[in-house]
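# Structural overview for review
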There are 2 protein chains.
Amino acid sequence: MIDSLSNPKIKYLCSLNMTKYRKKEKKFLVEGKHLVEEAKKYGLLEEAFSISNLENYTQVSEAIMKKICNTNTVVSEIGLCKMIEKKELSNLVLALDKVQDPGNMGALMRSACAFGFKTIVLGEGCVDIYNDKVIRSSQGAIFKLNFINTNLVNFLKDKENEYVIYGTNVINGIPLSSIKKEEKMIFVLGNEGNGISKEVAQIIKNNIYIPMQDTESLNVSVAGGIIMYHLS
Amino acid sequence: MIDSLSNPKIKYLCSLNMTKYRKKEKKFLVEGKHLVEEAKKYGLLEEAFSISNLENYTQVSEAIMKKICNTNTVVSEIGLCKMIEKKELSNLVLALDKVQDPGNMGALMRSACAFGFKTIVLGEGCVDIYNDKVIRSSQGAIFKLNFINTNLVNFLKDKENEYVIYGTNVINGIPLSSIKKEEKMIFVLGNEGNGISKEVAQIIKNNIYIPMQDTESLNVSVAGGIIMYHLS
């Protein structure tokens with residue numbers, strides 16, 4: 001059992017609470033037995049840790065577990081996972097422009113997974129998807145999707161002949177119900193407060209809107225869910 | 001300008017950060033000029049406060065504003081608002097069973113408003129909707145809806161002859177796409193982790209599910225948004 005806070009492995013795990021070390025190491029942590037098992041199932045688990053003496057888990061003291069985890073709630077198991085980025089795209093792609101709320105990001109992942117949008121393209125300025133809050137709210141969807149971090153303007157320019165690209169825009173859009181599923185589609189969603197940024201909007205030729213009464217906009221994860229459901 | 005923390009009005013405003021005082025006084029606070037103006041538009045504003053010298057605002061010092069507000073971010077204006085509960089129901093009703101996440105509650109309010117579900121029935125165990133996080137994420141929808149706090153089991157029993165009541169249940173439900181809008185409908189959504197509670201589920205005769213791939217469930221505000229969009 002590891003019970004020293006100065007143990008190099010523990011120091012390494014603690015460092016992964018910071019975005020910069022996650023990026024550098026291409027590793028991230030998940031909390032809870034369910035997520036550890038999901039990570040294992042999808043081949044992303046490198047090592048599992050528990051405060052109990054369990055088979056296939058490295059045992060650590062409760063003090064160590066508290067130190068590693070970000071939450072105030074007691075976590076009994078954590079998993080050290082590796083990030084994998086594949087370059088190939090699925091036919092249905094969700095592209096996110098500066099989506100910043102961890103809860104929204106997690107909810108979008110769940111919906112993307114549920115409705116067959118197996119690739120999420122993350123433009124610059126999105127919340128780090130390996131943030132503990134995103135992982136919790138993704139409910140395991142994070143293991144089932146392919147993520148591509150890129151410059152969204154260049155990405156969309158590169159794909160515009162191969163994919164039909166849609167954005168959301170009330171002013172020059174058509175109602176969601178009037179569009180049909182096509183073989184290859186990219187759907188772009190924008191920032192919570194500001195929508196799709198100007199540079200990205202300039203490249204998008206097709207826009208939809210969701211007809212609403214008495215409301216300016218929906219929460220971005222709700223809007224994304226409705227769009228992906230409609231196209232599934 | 002009020003600059004004394006012991007001023008009775010300031011003490012009163014601070015007390016409204018706690019659920020029990022909000023309930024007792026039937027008052028709540030909103031932050032930001034936009035929400036203050038929305039509250040005024042809907043006749044719910046009692047008094048507005050600003051750190052600047054503005055017409056129709058009571059000026060308070062920055063120290064006082066910080067004390068009143070829950071956030072670390074600087075808020076320049078707040079509004080003291082009254083709660084109004086009307087007993088009459090709209091034709092489309094959203095009923096929530098132990099929905100606990102403030103972000104989900106706020107997002108559900110936005111969607112309910114957007115898709116014509118003008119009454120939200122809050123069963124026991126839901127997050128307090130006058131919580132500052134709920135108000136922020138509701139983006140003003142809180143002023144446009146009617147809320148009824150009640151025992152959900154009794155409420156549904158009472159309405160089952162007048163309204164068609166739907167819940168969400170994958171096991172004995174029918175796909176969402178197979179149901180049509182009826183004149184009077186109540187849609188019940190359950191808790192984030194546990195879904196609709198057993199006591200409430202027993203009363204619900206009609207259940208739908210949202211067809212999904214490779215995913216157990218959606219975020220509750222996303223599921224609610226998809227259902228309400230489908231019926232709007």
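Residues numbered from 1 in each chain as written. Chains lettered and ligands numbered in written order. Predicted model: local features only at pLDDT ≥ 70, side-chain atom pairs only at ≥ 80, totals over all residues. Heavy atoms only, no water.

## A few points about the overall build of chain A
Check the secondary structure of chain A and you find 9 helices and 11 strands. Computed over the C-alpha atoms, the radius of gyration of chain A is 20 Å, within 12% of the 17 Å expected from 2.2 N^0.38 for a compact globule of 232 residues. Here the C-alpha coordinates of chain A stretch approximately 60 × 35 × 30 Å along the principal axes. The contacts in chain A between residues at least 6 apart in sequence include a share of 75% that link residues at least 24 apart. If you sum the accessible surface of chain A, you get close to 11,000 Å²; carbon and sulfur atoms cover 47% of it. Each charge sign in chain A was given a centre, from 29 positive and 26 negative side chains, and these centres are 3 Å apart. (Helix = DSSP H or I, 4+ residues; strand = E, 2+ residues; numbered from the N terminus. Rg over C-alpha atoms; globule rule 2.2 N^0.38 Å. Contact = heavy atoms within 4.5 Å. Areas by Shrake-Rupley, 256 points an atom, 1.4 Å probe, with all protein chains shown as cover. Lys, Arg positive; Asp, Glu negative; His and termini not counted. Charge placed at Lys NZ, Arg CZ, Asp CG, Glu CD.)

## As for the packing of aromatic side chains
Residue and element names in this part refer to chain A. This structure, assessed with the given rule, holds 6 aromatic pairs over all chains. Both rings, one in F28 and one in Y130, keep their centres 4.4 Å apart while their planes meet at 45°; by these two values the pair is tilted. Highlighted residues: F28 in strand β1 (residues 27-31) and Y130 in the loop between β6 (119-122) and α6 (132-138), separated in sequence by 102 residues. By relative accessible area, Y130 is classed as buried at 10%. Judged by centre distance (5.8 Å) and plane angle (65°), the ring pair of F115 and Y229 falls under edge-to-face. Remark: Y229 occurs in helix α9 (residues 220-231) and F115 occurs in the loop between α5 (102-114) and β6; sequence separation between them is 114 residues. Exposure remark for F115: the relative accessible area of 1% places this residue in the buried category. The class for Y229 is buried, based on a relative accessible area of 14%. (Phe/Tyr/Trp six-rings, centres within 6.5 Å; stacked < 30°, edge-to-face > 60°. Buried < 20%, exposed > 50% of the residue type's maximum accessible area, 1.4 Å probe, protein only.)

## Description of the sheet that holds strand β2 (residues 45-50) of chain B
Residues and elements named next belong to chain B. Taken in spatial order, the 4 strands line up as β1-β4-β2-β3 in an open sheet, and their pairing is mixed. Because the sheet does not close on itself, it has two edges, and the strands there are β1 (27-31) and β3 (57-59). This sheet shows a mean twist of 25° between the axes of neighbouring strands, independent of strand direction. Summarising the sheet, β1 and strand β4 (residues 77-82) pair through 5 bridges and their orientation is antiparallel. Its bridge partner lying in β4, E31 is registered against I78. Across the sheet, helix α3 (residues 33-41) lies against β1, β2, β3 and β4, angled at about 30° from β4, the strand it touches most. (Pairing = 2+ DSSP bridges. Axes fitted to C-alpha atoms, helices over the stretch in contact; angles between N-to-C directions.)

## Describing the confidence of the model for chain A
Confidence in the prediction for chain A averages 94 pLDDT; 99% of positions are at 70 or higher. Of the two predicted TM-score estimates for the complex, the pTM is 0.94 and the ipTM is 0.93. (pLDDT = per-residue confidence, 0-100.)

## Section: the interface of chain A and chain B
On the side of chain B, 26 residues touch chain A, which itself brings 26 residues to the contact. Interface of chain A and chain B: buried area, both sides summed, is about 2,300 Å²; carbon and sulfur atoms make up 52% of it. Its largest share of buried area at the contact with chain B, chain A owes to R110(A), D214(A) and Y229(A), together 26% of the area lost on that side. Among the elements of the structure, α5 and α9 of chain A are those that each provide at least two residues to the side of chain A that touches chain B. (Buried area = accessible area lost by both parts, 1.4 Å probe.)

## Re helix α7 (residues 152-159) of chain B
All names here are of chain B. When we look at burial in α7, the residues that qualify are L152, V153, F155, L156 and K159. On an axial view of α7, the arc spanned by its buried residues comes to 165°, and they lie on one face. Across α7 from its buried face, at more than 90 degrees, point the exposed residues K157 and D158. Check the buried side of α7 and you find it contacts β5 (92-96), β6 (119-122), β8 (164-168), β10 (185-189) and α8 (198-201). Measuring from the backbone nitrogen of V153 back to the side-chain oxygen at the start of α7 gives 3.0 Å, which picks out N151 as the cap. (Arc of directions from axis to C-beta. Polar contact = N/O pair within 3.5 Å; in protein donor to acceptor, adjacent residues only side chain to side chain.)

## Concerning the relation of the copies chain A and chain B
Overlaying chain A on chain B yields an RMSD of 0.0 Å, the required transformation being a rotation through 180° with an accompanying axial translation of 0.0 Å. The transformation just described matches what one would write down for a two-fold rotation axis. Mapped onto chain B, 100% of the interface residues of chain A are again interface residues, and the two copies thus contact each other with one and the same surface. (Least-squares fit on C-alpha atoms with pLDDT ≥ 70 in both.)

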